[in-house]
Amino acid sequence: MIEHLPRIVPAAPGPPAGAGAEHPMRQVTVRVAADPASWDDALRAEVAAFFDELADEWHTRASQHRHEPVLDALTRGGTIRGPVLEVGSGTGLTTALLCEVLGEAVVALDLSWEMLRRAPAEAGARLQADASRLPVRPGSLGTIVLENAFLFGPEVDAALAPDGAVVWINSNGSRTPIHLPVEEVAASLPGEWGGVASEAGWGTWGVLRRVCSVGVEP
């Protein structure tokens, strides 16, 4: 069960232009969440090229409003522990914030080398890898943060410790190109998951844990 908490961070006027179901990255998001095996070499190359092209202007998407759902999730989503992996980190718009708030290093992973090479090295370790094949030991992560990132449920499930947490952020809510409602995120993860979710600023967030660990004191 997912508990939807009341909004406490209002949305500022003038959110970024949104994207709908027709956006190519929305289509990929829905497709791979439902069927991770549909992520093949051709699609991987297409997505990497798409984001490599955007890398030069990605910094223009930074704003204090982008951080509002992240901060709200980390504040109200229960205790977040390490090791922490940020999937789909891009140029590091959120990496430094995660390191600061969580008080520990964060490994930032992205498929796009052009994104990663523009990320600040001091924000955390950077790793070019495919999120469909996370290069970590099974059960070794305390938290996986996915902000506007593709979800490969079986990989996330395998990489997390039994009491691990998935932090799912859509910085522009349902208008985000890479978007899934939190209920669909939970349904894409093997087994039964629950947690809390809310809206903050322009975005939405959810923090999910396996049901067997949801009742454990956060």
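1. Digging into the nonpolar core
Val-87, Ile-144, Phe-150 and Leu-208 are the most contacted members of the largest nonpolar core, which has 40 residues in total. Secondary-structure elements contributing two or more residues to this core are α1 (24-34), α2 (41-54), β2 (84-87), β5 (141-147), α6 (153-159), β6 (160-170), α7 (182-188) and β7 (193-200). The element contributing the most residues to this core is α1, with 4 residues. In terms of nonpolar packing, the next biggest core, distinct from the first, is built from 19 residues, Ile-80, Leu-102, Val-145 and Ala-200 among them.

2. Things to note about α2
For α2, spanning 14 residues, the distance from its first C-alpha to its last is 20 Å, which sits close to the expected 20 Å at 1.5 Å a residue. Of all the residues in α2, the buried ones are Leu-43, Arg-44, Val-47, Ala-48 and Phe-51. Looking straight down α2, one finds that the buried residues subtend no more than 130° of arc, so they occupy a single side. In α2, the exposed positions that point more than 90 degrees away from the buried face belong to Asp-41, Ala-42 and Glu-53.

3. Structural notes on empty space enclosed by the protein
Where empty space is left can be seen by rolling a probe of water-molecule size over the atoms. For the structure on display, the rule yields 1 cavity of 30 Å³ or more. What the largest cavity holds in volume is close to 30 Å³. Lining the largest cavity are Ser-89, Gly-90, Gly-92, Thr-95, Ala-108, Ala-119, Pro-120, Ala-123 and Arg-126. Partitioning the lining of the largest cavity into residue classes produces 4 nonpolar, 4 polar and 1 charged.

4. Side note on helix α3 (residues 64-76)
Because each turn of an α-helix spans 3.6 residues, side chains separated by three or four positions end up pointing in the same direction. Along its 13 residues, α3 runs 18 Å from first to last C-alpha, staying within 8% of the 18 Å computed at 1.5 Å per residue. Residues of α3 that are buried in the fold lie against α4 (95-102), β5, β6, β7 and β8 (203-210). Directly after α3, the chain includes Gly-78, whose backbone phi takes a positive value near 95°.

5. Examining the packing of α1 against α2
At a closest axis distance of 12 Å, the pairing of α1 and α2 adopts a crossing angle of 140°. Classified by the interaxial angle, the pair formed by α1 and α2 is oblique. Note on packing geometry: the crossing formed by α1 with α2 is left-handed. Here Met-25, Val-28, Arg-31 and Val-32 of α1 lie close against α2, whose contacting residues are Leu-43, Val-47, Phe-50 and Phe-51.

6. Thoughts on the confidence of the model for the chain
Within the chain, residue pLDDT values average 92, and 97% of them lie at 70 or more. Throughout residues 214-218 the model reports pLDDT below 50, and contacts reaching past four residues in sequence, or to other chains, amount to 4 contacts.

7. Quick notes on unusual backbone geometry
Of the consecutive residues Gly-82 and Pro-83, the connecting peptide bond is found in the cis state with omega at -5°. Within the element layout of this structure, Pro-83 appears in the loop between α3 and β2. In the Ramachandran plot, Asn-148 falls in the positive-phi region, its phi being about 50° despite a non-glycine side chain. On the basis of relative accessibility, which here comes to 16%, the residue Asn-148 falls in the buried class.

8. Considerations on the packing of α3 against α4
Each pair of packed helices can be summarised by the angle the axes make with each other and by the distance between the axes. Across the interface, α3 lies against α4 with an axial gap of 11 Å and an inter-helix angle of 25°. Between α3 and α4, the interaxial angle falls into the category roughly parallel. Judged by the twist between their axes, the crossing of α3 over α4 is right-handed. Where α3 abuts α4, its residues His-67, Val-70, Leu-71 and Leu-74 lie against Leu-97, Leu-98, Val-101 and Leu-102. Of the residues contributing to the contact of α3 with α4, the split by class is 7 nonpolar, 1 polar and no charged.

Here is what the cut-offs are and how they apply
Residue numbering note: each chain is counted from 1, following its sequence as written. Reporting of local features is limited, given that this is a predicted model, to residues whose pLDDT is at least 70; pairs of side-chain atoms are given and counted only at 80 or more, and all residues count toward the totals for whole chains, interfaces and linings. To obtain the side-chain values, all non-hydrogen atoms of the structure were included, while hydrogens and water were left out. Put simply, buried Ala, Val, Leu, Ile, Met, Phe, Trp, Tyr and Cys residues joined by side-chain atoms within 4.5 Å make one nonpolar core. Whether a residue is buried, partly exposed or exposed follows from its accessible area with a 1.4 Å probe, protein chains only, as a fraction of its type maximum: under 20%, in between, or over 50%, in that order. A run of DSSP states H or I qualifies as a helix once it reaches four residues; a run of E qualifies as a strand once it reaches two. Both are numbered from the N-terminal end. The span one expects for a helix is its residue count, reduced by one, times 1.5 Å. The arc refers to the directions leading from the helix axis to the C-beta atoms. With a 1 Å grid laid over protein atoms only, a set of points is called a cavity when a 1.4 Å probe fits there but cannot get out and a pocket when it is open yet has protein on both sides within 12 Å along at least five of seven lines; lining residues have an atom within 4 Å of a point. Grid points are joined across faces, edges and corners, and a volume is the space filled by probe spheres set on the points. Each residue receives one of three labels: charged for Asp, Glu, Lys and Arg, nonpolar for Ala, Val, Leu, Ile, Met, Phe, Trp, Tyr, Cys and Pro, and polar for the others, Gly being one of them. Any two residues whose heavy atoms approach within 4.5 Å are treated as being in contact. Angles shown run from 0 to 180 degrees and are taken between the N-to-C directions of axes, each axis being a line fitted to C-alpha atoms and, for helices, limited to the stretch in contact. Angles are sorted into four bins: roughly parallel if under 35 degrees, roughly antiparallel if over 145, roughly perpendicular if 65 to 115, and oblique for all others. Each helix crossing is assigned a hand: it is left-handed if the near helix lies turned anticlockwise from the far helix by less than a right angle, otherwise right-handed if that turn is clockwise. For every residue, the predictor states its confidence as a pLDDT score lying anywhere from 0 to 100.

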